[in-house]
Amino acid sequence: MIPYFNIDLRITIAERYAFNVAETIHVENSTEKISDTAKVTLPREFKQLQESNNSISIERKRLLDFIKVGDEIKIEAGYDGDLGVEFEGYITKIGAEIPIELECEDEMYQLKKMKPINKTFSDVSLKNFLQFIAPGYEIKTFDTHLGKIALENVTPYAALQEIKSRYPFKFFFRGKTLYAGLSNDFDSQGKHEFNLNRNVRKGGDLKYETKEDRKVWVKAISKQKGTSKEITYEFGDKGESEKTLHCPLNLNKEQLKQYAEDFMKKLRYDGYGGGFESWCYPRTKAGDSAELIDPNYPDKHRDGIYYINEVITDINASDGFKRKNNITFKIK
């Protein structure tokens, strides 16, 4: 007999109001995008909120009398009461139509709301820059310098966007920690095991390819601090894929060549690429790794561990509890 699980929810707003029903929940969690987002669609007949242990009827009342844009929101979900946090952030928009939609953004929303900054740095490290524009947050990054930076009446969020336009850094929050780095700088957080015959759903675009199949032409670039000059190195195999690789600052030609060729090893491998769909468990997050096991090949040559760069979670009547896990490169 196939086991049947009930999907349970708890959505808490402003640490005050809570409800346990939703028509749909959609969460996008990524190391590639600067913000994680969520969208909650409320049932048409949404009539009850919980405050502490009391039930509040909102029938014939405006939802905006209870919740507002800027309120904190925490979305928890799971099977049969085993709830896990799917999203934490802030409500950015409350729809005016029925059914009502709540649009949400993670901690990056707060950087958009902070007062504008006016500051000129003659030379500043990336870590010190982030500590200045985002005080109070833990910063996890690597050691590099940005050179001269002038901020003129910009919010911390706009300052991040400015740095992102100049340098190849990725910025994202995990809880109250701000991460910054290059594409392959982030260590895998948690490892999850997936058996392709057991806990992987049908669907997705997971595809096994050999090194020979993965033809890619790479243009590697290292910007030189304080100037518009760039060092470039191009190599690889002409094919369907061409990739621009933004590398650490101030590399010379030989260093750039070594860095780019080491990175190429992550792009060209025997193994899976694309994305695969799963259920609630394991509770994957962007930045985790997936150990894929293919029992159809007992010699294990198709088994491997891959970096998950994006997890898209949908909870609704048609999909149940579905995660789409996208992988970018093979760890081993």
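Please read all numbers here as calculations on a predicted model, not as lab measurements.

Caption draft 1: Quick look at the packing of aromatic side chains. Applying the stated criterion to the full structure yields 17 aromatic pairs. Through a chain of ring-to-ring contacts, three or more aromatic side chains come together here, namely Phe5, Tyr79, Tyr281 and Phe321. Just above the ring of tyrosine 157 sits the side chain of lysine 112; from NZ or CZ to the centre is 4.6 Å. The ring of tyrosine 208 carries the charged tip of arginine 302 above its face, separated from the ring centre by 4.0 Å.

Caption draft 2: Region of the structure containing the sheet that holds strand S13 (residues 170–174). Taken together, 3 strands build an open sheet; the order of strands is S11-S14-S13 and the sheet is mixed. This sheet does not close on itself; its edge strands, each paired only once, are strand S11 (138–140) and S13. Neighbour-to-neighbour, the strand axes of the sheet open up by a mean angle of 20°, direction not taken into account. In the sheet, S11 pairs with strand S14 (residues 177–181) via 3 bridges, with the strands oriented parallel. If you follow isoleucine 139 over to S14, its bridge partner there is leucine 178.

Cut-off values and rules
Residues numbered from 1 in each chain as written. Predicted model: local features only at pLDDT ≥ 70, side-chain atom pairs only at ≥ 80, totals over all residues. Heavy atoms only, no water. Phe/Tyr/Trp six-rings, centres within 6.5 Å; stacked < 30°, edge-to-face > 60°. Lys NZ or Arg CZ within 6 Å of the ring centre and 35° of its normal. Pairing = 2+ DSSP bridges. Helix = DSSP H or I, 4+ residues; strand = E, 2+ residues; numbered from the N terminus. Axes fitted to C-alpha atoms, helices over the stretch in contact; angles between N-to-C directions.

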